[in-house]
Structure formats: structure tokens, C-alpha cells
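# Coordinates in review
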2 protein chains.
Amino acid sequence: MSSGSRILCSQLRDKIMSAEEAAALIPTHVNIGMSGFTGAGYPKVTPTALAKRIMDANLAGNKFKIGVWTGASTAPELDGALAMVEGIELRLPYQSDPTCRKRINNGEMEYIDIHLSHVAQFVWFGFLGKLDIALIEVAGILEDGRLIPSSSVGNNKTWIDQADKVILEVNSWQSEKLEGMHDIYYGTKLPPDRLPIPIIRPNDRIGTPYFDCPPEKIIAIVETNSPDRNSPFKDPDADSKRIAGHLLEFLEHEVKKGRIPPNLLPLQSGVGNIANAVLAGLSEGPFEGLTAYTEVIQDGMLSMMLSGKLESASATAFSLSPAAIKEMNQNLDLYRDKIVLRPQEISNHPEVIRRLGCLAMNGLIEADIYGNVNSTHVMGTRIQNGIGGSGDFARNAYLSFFMTPSQAKGGAISSIVPMVSHVDHTEHDVQIIVTEQGLADLRGLSPKQRAKQIIENCAHPDYRPALRDYYRRSLELSPGKQTPHLLEEAFSWHLRYQRTGSMHA
Amino acid sequence: MSSGSRILCSQLRDKIMSAEEAAALIPTHVNIGMSGFTGAGYPKVTPTALAKRIMDANLAGNKFKIGVWTGASTAPELDGALAMVEGIELRLPYQSDPTCRKRINNGEMEYIDIHLSHVAQFVWFGFLGKLDIALIEVAGILEDGRLIPSSSVGNNKTWIDQADKVILEVNSWQSEKLEGMHDIYYGTKLPPDRLPIPIIRPNDRIGTPYFDCPPEKIIAIVETNSPDRNSPFKDPDADSKRIAGHLLEFLEHEVKKGRIPPNLLPLQSGVGNIANAVLAGLSEGPFEGLTAYTEVIQDGMLSMMLSGKLESASATAFSLSPAAIKEMNQNLDLYRDKIVLRPQEISNHPEVIRRLGCLAMNGLIEADIYGNVNSTHVMGTRIQNGIGGSGDFARNAYLSFFMTPSQAKGGAISSIVPMVSHVDHTEHDVQIIVTEQGLADLRGLSPKQRAKQIIENCAHPDYRPALRDYYRRSLELSPGKQTPHLLEEAFSWHLRYQRTGSMHA
């Protein structure tokens, strides 16, 4: 395509420049709100150009660091490049990049792990400091200057509204047919002037398909033609299939009992192998007329739409494999009517999630015998990714599922432990735990009743005797018996793993 | 007053009976939904009569136990009496009775600690099993059978709707002028048919002042004339006043910075000495035109209304001292326009709390250096009361404060510890911690940045060196440095206390 053809606003043409020129407009010690939610819709070239600028500055002895705020995770060209050159002072609200993670866990970079529904409003409230620059990928610019969002929405509306200056990347790799798929809600206000969010069905449209951006804020426009970068889809492994099987069996049971409608309730699904296995299971399962109100549209959802099982889906981003992106772009006219992409403060809004009654399905790192869940910290201290939207959904869902294989590292780690080493979801927010071993339905159970379910249904058989032993002795010796524990050995499994490489005694 | 004068529905007159006769209609192994939220509006005589019946049955060798569901805590005549005779199989969702607490911590009684906003909907969803009987105190019965709620609303609407049978206590001690003060919302539905809760100002009325109850469900009516039972108001002690002082100074600062409106935002305030000190401080402070959207109306709020500082308050219950009750009953006409009592699924609804942007102020048992809060378990295993509504408010508030004296037991316990022994509010939900020592503003801080604030501003000076030492060594030796910990000594302070009676080394 010819240069500039996605930039229809003539007034803005003189802002077109190279990534290097755009990066040169970014001073040190600013906070930058970047687009990106999973490997979708992040700026593709300016962050890398900025990383080079930072490297040069640092080599010249001039400390150059920035604050990086995003929707959620991004890709190596953004988080990886900036973390590699030690360019990030503070990162929020979610990341999953290996270099970034290493810097954080080495103590070389500050990271704030925030509920995704909190991010936009905290910026509006002035709680996170000044946002200096917004750096946003869009799919195009209309004649009147409105922006066509790209393959993720994330916090882009808030970044554009709140930043002093805006840098745009116009990515012609993104399908032009994305236009019309987004629903940008401009009705959010500050308390005490807030009104109800008027969504009552998952695919209700309450906003406009475009971002508004005052042209005078725009200091640079960079043209790109670069693909999104999400991992290829892997076929579900045996454990994931078993987990999905337990979950589907449970859903069928709940429908039979009349506790869920036959077309279920809006699905929220985390990303990854287990989530895709669940979607594959639903695709072959007995439920019809499904809907999704979730964060990301994954491969599995597209095939459920093609087969007619999934009627509509609301999300804030695509998280599709290269093959699925190709397929989607070929059939975008079909998908456009069924998919709504929203700002993440709406996709993750507690008000809407509770009203719709989502079925929340999220992964975990470890759960304890009383149903507390650690979603973020390996052995209590090393951040993995972040809490993301799991808290927004788990607490407000109709049903809150947490899913994991019962073991990790070839059996050296039990996902079910006496006490979790970090808590992201408390006993009050976890209803159903599923492993390949089985499902623990914790609804209406006291902590002691939960312990039996979790140990016997979810833990790997190799770890059950030790868990039973811990529970039995806790029940006997714990000073209080609401949540029996032996504090002196509550973390002994983690410590043993750190010492010997295995949680097994 | 003459017998029966509060029961205007002639059709129901033949259901009037004694508490003993009513208790005789309750079989074993039923779940009973009782009224009561703090020492207000709980049934006064039938639970005690039931306790005697249970004692007789147990003495005769017939095991008699029931499930007790309430709004929140009640009083000795209910929780105390039933727990004393070992009559409670399962208790939910909140309690604060010494006998009840002892039974739970001895392992003699099951207890489920639930977010107060979850309770009604979980019953509607069928997640807690069958509710057999509702036992509800009301202030009167209208000619057409509608019920005038009493001094708390709690889950009464849900209990009446969901139970097969209803037993009413009509308490003529409650002022007749309570009529019209309540707002019972009948618009809740099950997903997928839920609609927005149409509250946009704290005192909006969206329902009716009465409970509907099919007369055929009513199996007994017991007339009573017994007072509510809340603790007398104590003048704030020095520490509470200091905590209130720090909090008020912070609010003034936020108003100056433009981050809160001059009349603040709707206040939510836990119960107790510190909360009353904050209210007393606000009563003398510079802020005018205040509102409250909270769970309970306390003494301090009444005086703020009399002085004109507090324009209106929404709650689900009164929690007033005997002196304040007397004063309120004398001036009920004045208060009726300013106070709305709602079902607790509305007073605690995340949708409404987030929309209004409440300032949430709650107590805690202990906080750790990274900002995790334990609200429920002493030394990790002994339940104190329960989470109550603190989670509903803390996560959805505009600002979420947690307040505590920095020490307990004369200095033997530090309220700031290396790692909390139980987590109710995660690092993601705690924004500001206040002790008599000072205030830690955790907004926009990473865990390591929080640690410095909490140790230096909130911990008691006697404990600061040991906390600094733990943090310093963790920073050096922790495998991961996002949330540095030494798992082998994370609970050493709690274990030392259990061993020696003091957390001091």
C-alpha cells in the first residue's frame, strides 16, 4: 500500500516521521502509556528505537529511564527491548516478558501489579502520577482525525485522554476491516458523577468505534507494517484435556440442577493451554448459544464462532496465533458482528461482570488446602506475570474456577500446598479448583471441609499422604481450629524445594 | 401498648404465639435465616427458646443442630445462647460473639466467612443449600400483610423470599417511626437478567419501605418488647484520636491537591473505637456537606447529622449505643429524611460502591511490610470475627484505608509484621495504612517501596529495627526480589509470640 494511505487526515500528514525521530522526542524520566494487551496492538518500532536511544545515553553515562504503563503484557520489541537496556524505572500493570521478569526479580526494576480494572481509574484519580506521553498503535486515522483502534484496546482511551503528548504508530499490517469492531465508551466520569455502565448483554455497544484525540496533542506519527506477535497455538496436552473434562462435567451437572441456564452464562477465560482445552471441549460439548465476556479472544473462540456454538464475544484484545489471525482476517465480516473490543476498564469492570454473572476460568501457580490462591509469585518472592484481570473476574463472577495441573517441574512441585506462599485470591473468592485429578467444589464449605475436598480431589496422589498428614497434625495441634495451621512448617514444602529441588520429603 | 397493636393484619392474628411455641415448630437440621446486623434487629426471644429446646433434646440424647445464617453479628441472646448449647452446626457469614468464637476455634462448630455482598446472591444461586426457615424481627405488620422492617435490614428480604416458612418477632420496643426509613429493593434478578442498580447518590431510594411476605408462609408470630443490644459508646482513646488525626490531615491534603472534592466522597466506616474517633474528628473538621454509604449508622454519624456536617447516610443497620438510640428515637422525624436503610446486598454492592467512589475505612488485625492485610485470623488460625463487608468496600472504594494501633497486648504484638499469617486483603486492595504512628500512602508504589513507608510511618518504633533488619536481609537473600521474603522466618514473630508471649526477640 502507498505511504500515508491509512492517514486520511491531511492536517496530520506533516507529523509523519521515522521511529528514530519519534523516539528522539521522548525525554528521560517520563511516564509513557503504551498500547498493547498480550502480543496484540502494541507499538512495534518506536519502543525499540527508544531502547537504542536509551542504550546510547547510558553508554554515554547519561542515565535514561522511563515508566512504562500498558494494557497488559506486550512483546519482545517493547518490554524485552526496553528491559534489556535497563530503560524501565517502573513497570505496570502486568508483564510476561522473560527479560522484564528477570530484571524485576533481580531487583533492578520496580513493578506494580494492579487489578486491570483499577488502572485507568487510578490514572484519572491522579494516584499514579503524571502520564507524559501516550504511544499507541492504531489501524488508521480518519479524515476528521479520529483514530481506528488496532487489535487491542487496553487502556488506550485513557492514555490518549490523560497524556500531554501522543505518538501514534499506524500499522498497515492490521486489517482495515477492524474498523467498526471496537466500542470505546466515553461515559466514564469521576465520582461523584458516575452513572451506571449500561451493558446488560455481553455484546451491547455503548460507545463509538473510534478514539478521539485532539490533533495538537499528536507530536509524531510512525508508519509500520509489522505483525502482532502471539505464540502459535498448541494442541491441548493430556492434563489440559482432563482438566477441561472435569470442568465440562461440572457445568453439565449445574445445568441439570438448574443452577446455570442451558446456554450457560458469559464465559471469561484466561490465556493458555488449559483455557484453550476448555474452549475446545465446549466446542465439542452439548452447550449452544454461548457468549463470552472476557479479556482476550483466543483461537478457540474463533472456531466456536464458526461452528455456531459461540454467539458473541466481548473482550479488550485479540490473542490469536498467526494461523488464527490469517483465518480471522479472511472472515472478518463474519466476526465483526459477533465480536466487540472494549477498553479494559469496561471489559474488566466489576459492575458489569457481576451483573452479567460471568463464569470465570483462570489459572494459578499454587493453591493451599483451604482454598487460597497464589497467581503471581513463584515460591512467594519471584513474580511470574501478574494478577491481571483474574481478581476482577474471580470475585464478581457467578462461578469462579481456578485451574492447574496438580504438579509442576515433573512432579518436583505440588500445585496444592499446605499454605500458599503469596495470596492473590483469598478463601473468600475461590469457589472451584480443578486439576487433572479432579474438581473441588468449595461452595458453602468451611475451611476444614474445603481441605478434604482439595486434598482428595485435586492434589496429585503422590502428595496426598503428606498433605493429609499436615492437615491431621494441624487439626490436632493448631492453636485455632477455624483454619488449622502449623506456622513453623507451613512453608516447609517451599523451603525443601529451594534446598533440594523437590517438595517431596 | 396493647397486645397485637403492631399486628394490623387480622388474617395473621391467629399465628400469634409464645417464643416456646414458635421454637417448637423448628425441627433439627434445618437452615435458619435470622435477622440481625450488629446488635440491631435480631430476633430477641425465639432463639433463646430454641436454645432451651436444643439443650433438652441434647440432654435426652437426641442430637439437635441447626445452620444459622444472618446479616452479620447478632447478640448473646442469639449467637451466644445457641452456641452455648452446641446448637449450631454451621454459622455464616459473620459473627462476633465470644461463645460462638470459642466454639469455632475449638473446632466444635463450622463457620464460613463470606463477603457480605455475596451472601444473598449465593442463596439465590442455590450455592449454600436450602433455606428452611426465616426468623425475622420486624417493627410491625400492616393491614395488607406487608412488614415494617426493624433496626437492621441485612439479608431479611432474601431470607423471607427464599425460606419455606417464616417466623416473625414483632418488637414493640422498636420505634413506630422507623416506618418509611427503609428502602427494600425488589429489582434484583438472577443472571442473565440482571439490570443496573439505579443508585447514583448515596440516599437515592429505589425500592419500597416494606418487606413483602406471602401470609401462608408465616407459621408463627411472636410479640416482643426487648431492646437492641449494642455496646455503650466509649470516648476515643489517645491512639484512636491520633489515627483519626493522621487520616483527617491526609484527607485535607488530598482535597488541596484536587484529588477529592471539598465535601469528600461517601464515607464507609467500620465499627468501633477508631471509627468513632474518625467520625468525631470529621464532626469537628473543616469538611461540610458529607454523605455516608456504609454498613452501619454509628453514634458519631448521628451527631454529625445534628450538627449539619453529614447530609445523608445509607446503611443496612443501626449500631447505636443505648444513649444514642434514645436520642434518635426522640428525633426520628429529623433523621428519617437523612437516613436510608437498605438490604446488605445493596449497601455492600460492588457496583454501587465503585460508582459512588466511597472512602472506605476499616480496621485490621495485622498488616505486613508489603501491604497485605489480615482482618480475621489471630496468629493465622483463630478466627476473630470475619471479613464482613471490608472486602466489598476496600477493593471498590475510591480510597481504601486500613487503620489499627501499631501494637496490641501492651506491646507484645506488633500490628506490622514481616508476613501476615492470613490474608484477607491482598497487596492489590490496600491503599493507605494508618496507625497512631503515622500514615503510609501506598498508591503507585511497588512492594519494596511500600515496605519503607509501612515500616517507617506505621510500625511502632520498638519494632522498627527488627522490621528493617528482616527487610534488609530479605532484600539481600530472597530468591526473588519483587516481594523479598525469607520464608524460613516469615512467621518467626508469630511463633515467638506463641512461645514466649511476645513478638519481641
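See above for the structure.
This report concerns the structure included in the present document. (Residues numbered from 1 in each chain as written. Chains lettered and ligands numbered in written order. Predicted model: local features only at pLDDT ≥ 70, side-chain atom pairs only at ≥ 80, totals over all residues. Heavy atoms only, no water.)

Attention now goes to the environment of Val373 of chain A. Residue and element names in this part refer to chain A. For Val373, the location among the structural elements is in strand β17 (residues 373–374). For the pair Val373 and Leu78, spaced 295 residues apart in sequence, the C-alpha separation works out to 30 Å. If we skip the residues at most four places from it in the chain, Val373 touches Leu364, Glu366, Ala367, Phe402, Val420, His422, Val423, Asp424, His425 and Val430. (Helix = DSSP H or I, 4+ residues; strand = E, 2+ residues; numbered from the N terminus. Contact = heavy atoms within 4.5 Å.)

Moving on to helix α2 (residues 46–59) of chain A. Residues and elements named next belong to chain A. With 14 residues, α2 should reach 20 Å at 1.5 Å per residue; the first-to-last C-alpha distance of 20 Å fits that figure. Where α2 is concerned, the buried positions are Thr46, Pro47, Ala49, Leu50, Ala51, Ile54 and Ala57. Gly61, located one to two residues past α2, shows a positive phi value of around 85°. (Expected span 1.5 Å × (residues − 1). Buried < 20%, exposed > 50% of the residue type's maximum accessible area, 1.4 Å probe, protein only.)

Attention now goes to the side chain of Thr316 of chain A. Residue and element names in this part refer to chain A. Within the secondary structure, Thr316 is located in the loop between β12 (310–315) and β13 (317–319). The exposure class assigned to Thr316 is buried, which follows from its relative accessible area of 0%. Side-chain polar atoms of Thr316 contact the backbone nitrogen of Gly154, separated by 3.0 Å. (Polar contact = N/O pair within 3.5 Å; in protein donor to acceptor, adjacent residues only side chain to side chain.)

The strand order across the open sheet built from 3 strands is β17-β16-β23 (chain A), with neighbouring strands paired in mixed fashion. Each having just a single partner strand, β17 and β23 (416–417) of chain A make up the two edges of the open sheet. (Pairing = 2+ DSSP bridges.)

Glancing now at the packing of aromatic side chains. The full count for this structure, using the stated rule, is 17 aromatic pairs over all chains. With 5.9 Å between their ring centres and 55° between their planes, Trp69 of chain A and Trp159 of chain A make a pair best called tilted. Of this pair, Trp69 of chain A sits in strand β2 (residues 66–69) while Trp159 of chain A sits in helix α6 (residues 156–162), and the two are 90 residues apart along the sequence. A network of ring pairs unites the aromatic residues Phe122, Phe125 and Phe127 of chain A together with Tyr398 of chain B as a single cluster. (Phe/Tyr/Trp six-rings, centres within 6.5 Å; stacked < 30°, edge-to-face > 60°.)

Quick look at the relation of the copies chain B and chain A now. After a rotation of 180° and a shift along the axis of 0.0 Å, chain B superposes on chain A with an RMSD of 0.0 Å. In short, the pair behaves as if placed about a two-fold rotation axis. Among all C-alpha atoms of chain B, that of Glu351 of chain B lies closest to the rotation axis, at 2.1 Å. Looking at chain B, 99% of its interface residues are interface residues in chain A too, so the copies touch through the same face. (Least-squares fit on C-alpha atoms with pLDDT ≥ 70 in both.)

Residue and element names in this part refer to chain A. Secondary-structure assignment places Ser5 in the segment before α1 (19–23). Since its relative accessible area comes to 28%, Ser5 is described here as partly exposed. Distance from Ser5 to Ser35, taken between C-alpha atoms, is 22 Å for residues 30 residues apart in sequence.

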